[in-house]
Amino acid sequence: MGLGSDMYRQQILDHYKNPRNYGEIEDPDIEHVGENPMCGDTIKMFVQLADDDDTIEHVRFVGDGCAISQASASMLSGELQGKSLETVEDMDRDDIVDMLGVELSPMRIKCAVLAEKVAQDGIALHKGEEIDIEKTQTE
């Protein structure tokens, strides 16, 4: 582990202890909750779209869980603002791992991608698409 990974670990702890965009949006365009039943992480995201109904204007979240899941939600909430829905739909786990900046075990990957999965499933529901399960889960 080099000095760079220590910097990223500090960033993750900072986002966990001082989450950005934490809270709810009244009357959001998109609202969705997801959980990781393996470790008890829960994230609920709220998205307000711009007038074009495609650009993310504001993102907020509430949740409970491990440092990785909550830091990931905090970091992602900032990253998503200004993005198109399609850009978010095209994200994958590598985007999240790159954002976090640390290597994660397979169990921790599930924690890290929960917020991304919640956002993507929320967008799918907003577009009238069906998703496999009522609550978004990373299993």
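Scroll up to find the structure this text is about.
Calculation criteria
Residues numbered from 1 in each chain as written. Predicted model: local features only at pLDDT ≥ 70, side-chain atom pairs only at ≥ 80, totals over all residues. Heavy atoms only, no water. Disulfide = S-S within 2.5 Å. Salt bridge = Lys/Arg side-chain N within 4 Å of Asp/Glu carboxyl O. Helix = DSSP H or I, 4+ residues; strand = E, 2+ residues; numbered from the N terminus. Buried < 20%, exposed > 50% of the residue type's maximum accessible area, 1.4 Å probe, protein only. Axes fitted to C-alpha atoms, helices over the stretch in contact; angles between N-to-C directions. Parallel < 35°, antiparallel > 145°, perpendicular 65-115°, else oblique. Contact = heavy atoms within 4.5 Å. Nonpolar A, V, L, I, M, F, W, Y, C, P; charged D, E, K, R; others polar. Core = buried A, V, L, I, M, F, W, Y, C linked by side-chain atoms within 4.5 Å.

*Asks:* Could you clarify how one ought to interpret the state of the cysteines in this entry?
*Replies:* Structurally, a disulfide amounts to a covalent bond that connects the sulfur atoms of two cysteines. Evaluated as defined, the whole model comprises zero disulfides. Looking at Cys66, it has no disulfide partner, and the nearest cysteine sulfur is the one in Cys111, 3.7 Å off.

*Asks:* Can you walk me through the pattern of salt bridges in this structure?
*Replies:* Side chains carrying opposite charge are able to pair once their charged atoms draw close together. Across all of its chains, the model carries four salt bridges by this definition. The residue Lys127 makes a salt bridge to Glu89 at a minimum N-O spacing of 2.9 Å. Within this pair, whereas Lys127 is found in the loop between α6 (114-126) and β4 (136-137), its partner Glu89 is found in helix α3 (residues 85-89), the two being separated by 38 residues in sequence. Overall, the relative accessible area of 41% leaves Lys127 in the partly exposed class. What makes Glu89 partly exposed here is its relative accessible area of 28%.

*Asks:* Please explain the packing of helix α2 (residues 67-80) against α6 as it appears in this structure.
*Replies:* The geometry of a pair of packed helices is captured by two quantities: the angle between their axes and the separation between those axes. Where α2 contacts α6, the axes come no closer than 8 Å and their chain directions differ by 45 degrees. Here α2 lies oblique to α6, going by the angle between them. For the pair α2 and α6, the contacting residues are Ser72, Ala73, Leu76 and Leu80 in the first and Ala115, Glu116 and Ala119 in the second. Among the residues forming the contact of α2 with α6, the class breakdown is five nonpolar, one polar and one charged.

*Asks:* Would you mind showing me how to read the nonpolar core here?
*Replies:* As a rule of thumb, nonpolar side chains are buried together in soluble globular proteins. With 33 residues, the main nonpolar core has Ile43, Met45, Ile56, Ile68, Leu80, Ile96 and Leu100 as its most contacted residues. Residue assignment for this core shows that the elements contributing at least two residues are β2 (41-49), β3 (56-64), α2, α3, α4 (93-100), α5 (106-112) and α6. With six residues, the single largest contributor to this core is α2.

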